[in-house]
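So you can see what is in the structure, the chains are spelled out below.
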Amino acid sequence: MQTRSSGNTQGIDVSRYQGNIDWAKVKTSGMTFVFIKATEGQTYTDPNFQKNVSGALAAGMLVGTYHFFRATSTDGAKAEAVHYANTLNKVGGAKALQLPPVMDYENNPGNLSKAQINTVAKAFLTELQRLTGVKPIIYTGNSFAGNFEPSLGTYDLWVARYSSTRVPDDQPAWKRWTFWQYTDSGKVNGISGNVDMNEFEGSAAELRARYAAATPKPPVPSEPTKPTEPPKGGEPMTAEEKAAFDALKAQVDKLQARQQMEVPVWAKAAVDAALAYDTKNPLFSIDNGASYDFYRFITVMYRRGLFKK
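Residues numbered from 1 in each chain as written. Predicted model: local features only at pLDDT ≥ 70, side-chain atom pairs only at ≥ 80, totals over all residues. Heavy atoms only, no water.

Moving on, we come to the environment of Val34. Secondary-structure assignment places Val34 in strand β2 (residues 33-40). Looking at Val34, the relative accessible area reads 0%, which means it is buried. With near-sequence residues (within four places) excluded, Val34 lies in contact with Ile12, Asp13, Val14, Trp23, Ala56, Met61, Leu62, Val63, Gly64 and Leu99. (Helix = DSSP H or I, 4+ residues; strand = E, 2+ residues; numbered from the N terminus. Buried < 20%, exposed > 50% of the residue type's maximum accessible area, 1.4 Å probe, protein only. Contact = heavy atoms within 4.5 Å.)

If you want it as structure tokens, here you go:
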């Protein structure tokens, strides 16, 4: 495979083992992107996942996530994909992030044959893409990559090979890497201890462009017909304000009625502001959660100052 290049953009990957991270320092140290551990197996979720995603996004990093794969059957693989996708929904879903989700498949605890390795991998990748709407990336080690058949070469490769002199080997599925994890003992400002270092096969601008189509953002809901501003909190409604409130509430109700999820981290401030705006005439209730589009809509309205008293 190809060598590293001085023009390639740099990044890291992290999990709970990196502890509390100062993401502003990480960004100013020259790191452009990060892959954050989300899940493992069918039940485990990294305890720092949501905090890391929120912090990295706030610092302006390009953010992706990864799932440590353990399945030994197709049913198990699909269950792991569901667990990963559900966890991604807590941060707005895969489409809310700049980089695709990742299948981290690097060992074979079930002693599967190569054919079985490919079967379970395909089951996971197919189910994850169906659930998230985003084509995943495959992470694996230089040696383990030889287990994957050529058909999996349609997925971008993130390969681990810890060497300053030897490039990753050509494999049946890949002749080029997209990301190279070249050491597990890197040092970056903002992180205590070692961290995995990675390189993308191009510039930061090329990285953004490569996955802009792969992780499209959901369309921002169109602005409601004027007038849209609800009445000032606690004040009686005029007829005009009542019409505006009813129009906005109808749009909110429509969005809220879709598939429901808990409030994601990125929408919490907007939801809190909207609920506190007028406690006598609440715009909505999220006792049973709400849809992704609903949270996007409320966040857009919040950023436009709609809920300022």
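All right, on to the packing of aromatic side chains then. For the structure shown, the criterion picks out 16 aromatic pairs. Residues Phe35 and Phe179 carry aromatic rings whose centres are separated by 5.2 Å and whose planes lie at 85° to one another, so their mutual orientation is edge-to-face. With Phe35 in strand β2 and Phe179 in strand β8 (residues 179-186), this pair connects stretches of sequence that are 144 residues apart. As far as the burial class goes, Phe35 and Phe179 line up, both buried. Consider the rings of Tyr84 and Phe124, whose centres lie 6.5 Å apart with planes at 10°: the pair is stacked. (Phe/Tyr/Trp six-rings, centres within 6.5 Å; stacked < 30°, edge-to-face > 60°.)

Once that is clear, we can look at unusual backbone geometry. Working note: non-glycine residues mostly have negative phi, and peptide bonds are mostly trans. Unlike most non-glycine residues, Asn111 shows phi in positive territory, near 55°. Along the chain, Asn111 falls in the loop between β5 (101-104) and α4 (114-132).

Here we come to the side chain of Asp104. As for its position among the elements, Asp104 is in strand β5. Not counting chain neighbours up to four residues away, the residues in contact with Asp104 comprise Tyr66, His67, Phe68, Phe69 and Tyr139.

This part takes up the pattern of salt bridges. Where side chains of opposite charge bring their charged atoms close, a pairing between them can arise. Going through the model one piece at a time under the given rule, you end up with 10 salt bridges. For the salt bridge of Lys122 with Glu149, the shortest nitrogen-to-oxygen distance reads 2.3 Å. Within this pair, whereas Lys122 is found in helix α4, its partner Glu149 is found in the loop between β6 (137-141) and β7 (157-160), the two being separated by 27 residues in sequence. Judged by relative accessible area, Lys122 falls into the partly exposed class, the value being 30%. A salt bridge links Asp272 to Lys268; the nearest nitrogen and oxygen atoms lie 2.9 Å apart. Pair noted here: Asp272 and Lys268 are both in helix α7 (residues 268-277), with a separation of four residues, about one helical turn. Relative accessible area serves as the criterion here: at 48%, Lys268 is assigned to the partly exposed category. Each of Asp156, Arg176, Glu201 and Arg210 takes part in salt bridges that share partners, so that together they form one network. (Salt bridge = Lys/Arg side-chain N within 4 Å of Asp/Glu carboxyl O.)

What helix α2 (residues 49-58) keeps buried is the set Phe49, Asn52, Val53, Gly55 and Ala56. Here the buried face of α2 lies against β1 (10-14), α1 (23-28), β2, β4 (62-68) and α3 (74-88). Backbone geometry just after α2 places Gly60 at a positive phi near 90°.

Across the eight residues that make up β2, a large majority, eight, are buried. As paired elements, β1 and β2 share four bridges and run parallel to each other. Note that in β2 the partner of Gly11 across the bridge is Phe33. Chirality of the crossover, the property in question, places the unit of β1, α1 and β2 among those that are right-handed. Bridge count for β2 against strand β3 (residues 44-45) is two bridges, and the pairing is antiparallel. (Pairing = 2+ DSSP bridges. Right-handed = clockwise from strand over helix to strand, strands pointing away.)

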